[in-house]
Amino acid sequence: MAEIRSVGVVGAGQMGSGIAQLAAVNGVDVWLHDTDAEVLGRAQTSISKNIQRQVSKGSISQDNGADAIRRLKFTTKLSDFHSVDLVIEAIVESEDVKKGVFAQLEKIVKSSTILASNTSSISITRLATATSRPGQVIGMHFMNPPPIMKLVEIIRGADTSDQTYDAVRCLAERWGKTVIFSNDYPGFIVNRILMPMINEAFHTLHTGVATKEDIDTGMKLGTGHPMGPLELADFIGLDVCLSILKVLHAGLGDNRYAPCPLLVQYVDAGRLGRKRGIGVYNYSTGPKEIKPVAQL
């Protein structure tokens, strides 16, 4: 089994940037791609600051931090991925968009390159149909933020080879992660369990059972969760939560996964959580928080 020495990451958002940082700190050469040069510039600044923070906290050495920054390269051209050993796609949670990227990568990367998706819910088997190498397509689902969270969920598609699985598992473990394995079912393990809880928290808010603060406090102090489900939804992104629930609902055909109308309404209103400054909670210093307009 050949060791993975270079990685391309598609998508310079929060997840993609975190994965790129993690790889670089662990001695891997990294190309980080985004079609938006401004997003890419922000990612470069953010990663550099985060690595310096790791140095200042003593979690990595000064030399390791400097080496990590040197190993990172930033590009708006997927063609720069021509020699990488592994590509990790970390873009919008849309099957069609992901397939489009995989189809492009198919024409660029080496015949031996593994194509991985950081999808949190979409079928790896279906994503693999966009390529002529289904045995080299795999799910590599990092938790947010990737440099800190210890878990990586690995998902095999119907045709994912043992060699591909072993290479990706060994890489994740080399990066200090604990690996869990999931078969290719909607939502895999973590989100199949997590998203119904978040959805039920929205139903609890929507029907007026309790305030958002009491819902979150109840789950934090009552069950030992570090964040309440509504806080966590804001952190993940309400649009991401909604997308995952739609995949679960369509794929499993069970109405318990049907998204709460209040969650749908928040997303329609652009209240996507921390990344927009407002979701269930208001994170800005602007106008007073908007109240839900649809209560039963």
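Residues numbered from 1 in each chain as written. Predicted model: local features only at pLDDT ≥ 70, side-chain atom pairs only at ≥ 80, totals over all residues. Heavy atoms only, no water.

With an unreviewed UniProt entry as reference, the protein is termed OLC1v1023096C1, source organism Oldenlandia corymbosa var. corymbosa. The annotation that UniProt attaches to the protein under Pathway (unreviewed entry) is "Lipid metabolism; fatty acid beta-oxidation." (UniProt positions renumbered as here; feature names shortened; annotations may be inferred.)

## Description of the overall build of the protein
In terms of regular secondary structure, the protein is built from 11 helices and 8 strands. By the compact-globule yardstick of 19 Å for 296 residues, the protein fits well, its C-alpha radius of gyration being 20 Å. Dimensions of the protein, computed from the C-alpha atoms along their principal axes, are close to 55 × 45 × 35 Å. Per-residue burial for the protein yields a buried fraction of 46% across its 296 residues. Split by element, the accessible area of the protein, about 13600 Å² in all, is 53% carbon and sulfur. Charge-centre separation for the protein: the mean point of 31 positive side chains lies 4 Å from the mean point of 30 negative side chains. (Helix = DSSP H or I, 4+ residues; strand = E, 2+ residues; numbered from the N terminus. Rg over C-alpha atoms; globule rule 2.2 N^0.38 Å. Buried < 20%, exposed > 50% of the residue type's maximum accessible area, 1.4 Å probe, protein only. Areas by Shrake-Rupley, 256 points an atom, 1.4 Å probe, with all protein chains shown as cover. Lys, Arg positive; Asp, Glu negative; His and termini not counted. Charge placed at Lys NZ, Arg CZ, Asp CG, Glu CD.)

## Observations concerning the UniProt feature "site: Important for catalytic activity" (unreviewed entry) in the protein
Using the residue numbers shown here, the UniProt feature "site: Important for catalytic activity" (unreviewed entry) corresponds to His141. Structurally, His141 can be placed in strand S6 (residues 137-142). Relative accessible area serves as the criterion here: at 6%, His141 is assigned to the buried category. One polar contact links His141 to Glu153, side chain to side chain, over a distance of 2.8 Å. (Polar contact = N/O pair within 3.5 Å; in protein donor to acceptor, adjacent residues only side chain to side chain.)

## A few points about helix H1 (residues 14-25)
Under the 1.5 Å per step criterion, the end-to-end length of H1 is 17 Å for 12 residues, consistent within 8% with the ideal 16 Å. Most of H1 sits inside the fold, with 11 of its 12 residues counted as buried. Following H1 by one or two positions, Gly27 has its phi on the positive side, about 85°. (Expected span 1.5 Å × (residues − 1).)

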